[in-house]
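One-letter residues, chain by chain:
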Amino acid sequence: MIAYLLLILTPLFWAGNHVAAKGVADVADPLLMAFLRWGLAFLILLPFWLPKAIRQWPIIKAHFPLLFWLSLTSVGCFNTFIYLGVETTTATNTTLMHAIIPVLILLLNRLFFREFVGGLQWLGIAASLMGVLVLITQGELQRVASLQLNLGDLWILAAIVTWALYSITLKFKPKELEPFTFFGLSVLIGLLVIFPFALFEQGGFVVPNLETPVWAVVVYIAIFPSILSYSFWNRGVAQLGASTAGLFIYLIPVFGTLLSILVLNETMHAFHLVGIALIVLGIWLAVVRRVISSIRKSRTRTVN
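Overview of the structure. (Residues numbered from 1 in each chain as written. Predicted model: local features only at pLDDT ≥ 70, side-chain atom pairs only at ≥ 80, totals over all residues. Heavy atoms only, no water.)

### Points about the overall build of the protein chain
What counts is decided by this rule: Counting from the N terminus, the helices are DSSP H or I runs at least four residues long and the strands are E runs at least two residues long. Remark: exposure states derive from per-residue accessible area (1.4 Å probe, protein chains only) relative to the maximum for the residue type, with buried under 20%, exposed over 50%, and partly exposed in between. Residues are treated as being in contact if the distance between any of their heavy atoms lies within 4.5 Å. Here the accessible surface of atoms and residues is derived via Shrake-Rupley with a 1.4 Å probe, and residues count as covered only by protein chains that are part of the display.
Looking only at helices and strands, one finds 14 helices and 0 strands in the protein chain. The linear arrangement of helices and strands in the protein chain, starting from the amino end, is α-α-α-α-α-α-α-α-α-α-α-α-α-α. Counting across all 304 residues of the protein chain, residues that qualify as buried make up 48%. Within the protein chain, contacts between residues separated by at least 24 positions form 88% of all contacts whose residues are at least 6 apart in sequence. Accessible area of the protein chain: about 15,100 Å², with a carbon and sulfur share of 71%.

### Side note on the side chain of N17
One can find N17 in helix α1 (residues 2-23). Setting aside anything within four residues of it in sequence, one finds N17 in contact with R37, N79, Y83, Y220, I221 and P225.

### Quick notes on the environment of T88
Rules: Distance and chemistry together define a polar contact, namely a pair of N or O atoms within 3.5 Å, with one atom able to donate a hydrogen and the other to accept it when in protein, and with adjacent residues in sequence counting only for side-chain atoms on both sides.
Residue placement: T88 occurs in the loop between α4 (64-85) and α5 (91-97). Judged by its relative accessible area of 42%, T88 falls in the partly exposed class. Setting aside anything within four residues of it in sequence, one finds T88 in contact with N150, L151 and G152. Side-chain polar atoms of T88 contact the backbone nitrogen of G152, separated by 2.9 Å.

### With respect to the packing of aromatic side chains
The criterion, for reference: Centres within 6.5 Å are what make two rings of Phe, Tyr or Trp a pair, Trp counting through its six-membered ring; a difference in plane orientation under 30 degrees is then read as stacked, over 60 as edge-to-face, and the rest as tilted.
The full count for this structure, using the stated rule, is 10 aromatic pairs. The interplanar angle of 40° and the centroid separation of 6.2 Å between the aromatic rings of F64 and F68 together place this pair among those described as tilted. Placement of the pair is F64 and F68 together in helix α4, with a separation of 4 residues, close to one helical turn. Look at F64 and you get partly exposed, because its relative accessible area is 37%.

### Digging into the packing of helix α2 (residues 30-55) against α4
Put simply, the rule is: Between N-to-C directions, angles span 0 to 180 degrees; the directions come from axes that are lines fitted to C-alpha atoms, helices contributing only their stretch in contact. What sets the label is the angle itself: under 35 degrees gives roughly parallel, over 145 gives roughly antiparallel, 65 to 115 gives roughly perpendicular, and the rest give oblique. Throughout, a crossing is termed right-handed when the near helix is turned clockwise from the far one, and left-handed when it is turned anticlockwise from it by less than a right angle. All amino acids are sorted into three groups, where Ala, Val, Leu, Ile, Met, Phe, Trp, Tyr, Cys and Pro are nonpolar, Asp, Glu, Lys and Arg are charged, and the leftover types, Gly among them, are polar.
Between α2 and α4, the shortest axis-to-axis distance is 8 Å and the interhelical angle comes to 135°. For the element pair α2 / α4, the angle class is oblique. Our pair here, α2 against α4, has a crossing hand that is right-handed. Residue-level contacts link P30, L31, M33, A34, R37 and W38 of α2 to V75, N79, T80, Y83 and L84 of α4. Classifying every residue of the contact of α2 with α4 gives 8 nonpolar, 2 polar and 1 charged.

### A short note on the nonpolar core
Soluble, globular proteins show a tendency: their nonpolar side chains are buried together. We apply this condition: The definition of a nonpolar core used throughout is a set of buried Ala, Val, Leu, Ile, Met, Phe, Trp, Tyr and Cys residues joined through side-chain atoms within 4.5 Å.
Counting 59 residues, the largest nonpolar core has M33, W38, I82, Y83, I160 and V187 as the members making the most contacts within it. Those elements that provide at least two residues to this core are α1, α2, α3 (57-62), α4, α6 (101-113), α9 (151-169), α10 (179-202) and α11 (212-240). Looking at this core, the element that brings in the most residues is α2, giving 11 residues. Non-local contacts of Y83, meaning those with residues more than four positions away in its chain, are made with N17, A21, P30, M33, A34, R37 and I221.

### Notes on a nonpolar patch on the surface
Using the following cut-off: The patches described consist of residues with a relative accessible area above 30% and no salt bridge, like charges being joined within 9 Å and nonpolar side chains (Val, Leu, Ile, Met, Phe, Trp, Tyr) within 5 Å. We count a salt bridge whenever a side-chain nitrogen from Lys or Arg sits within 4 Å of a carboxyl oxygen from Asp or Glu.
A cluster of nonpolar side chains, namely L111, F112, F113 and F172, defines an oily patch on the protein surface of about 400 Å² accessible area. As for its placement among the helices and strands, F172 is situated in the loop between α9 and α10. Judged by its relative accessible area of 45%, F172 falls in the partly exposed class.

Structure follows, in structure tokens:
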């Protein structure tokens, strides 16, 4: 029961990250927010992480190019692009478009690793992509032809692509590298990647002059969507399995939409409902239907 609760809290915290970032987008620069988030998270992790990193340094050194890539696409790019995106798009769109991640992973696995994709899965990919188009064009698909797309939505799509690339290459992470060591290393490398861009954004070395509510957001996103969500997710996967835990990612759009309406007073439009319906249909056809079938078969074999 505890594992289910933790897996419910995880997407709630992730959705809260998008809403919180949107809430301070007008008063805090996006690259600075990304740097402060991961900087504070790393300071909290450092005393526990450093001894493990020293012990596992030979593994890190042997696989550094791969680990750098994984850190770049996850900590370095993903949330940074999210913070850039929420400046000009809604938190609702940000969280809703996250629902396409499993379908995009399926598509990229097919393109790069030739994994089999059936007819229903292709139909699911098409439906989810159409749902995202409905969201980013606000129901006016003719915007695609005239390239009148929201820049913020394009940043969110870029973030989603980088996370999908991270996910399909995560399988190559050395198994002997402890998860906590890998997470701390990803945060450190991501910080080093973000730092020069944040420095350029601020015009040099300056002490951030942020109001108290913004610092409160920094503390929240450093602890809850970063450290706690990672820990909760790992425990949930360990107890329930990746297939079952993966289904909880679809709570991000639900929590994100509700939080956007309650906290930011954003409005739900008809095109949101159409986009959600198409994305959910695509997910069901491409991912969830197959996962549930696999779980049922596994249970049947266990009983027999």
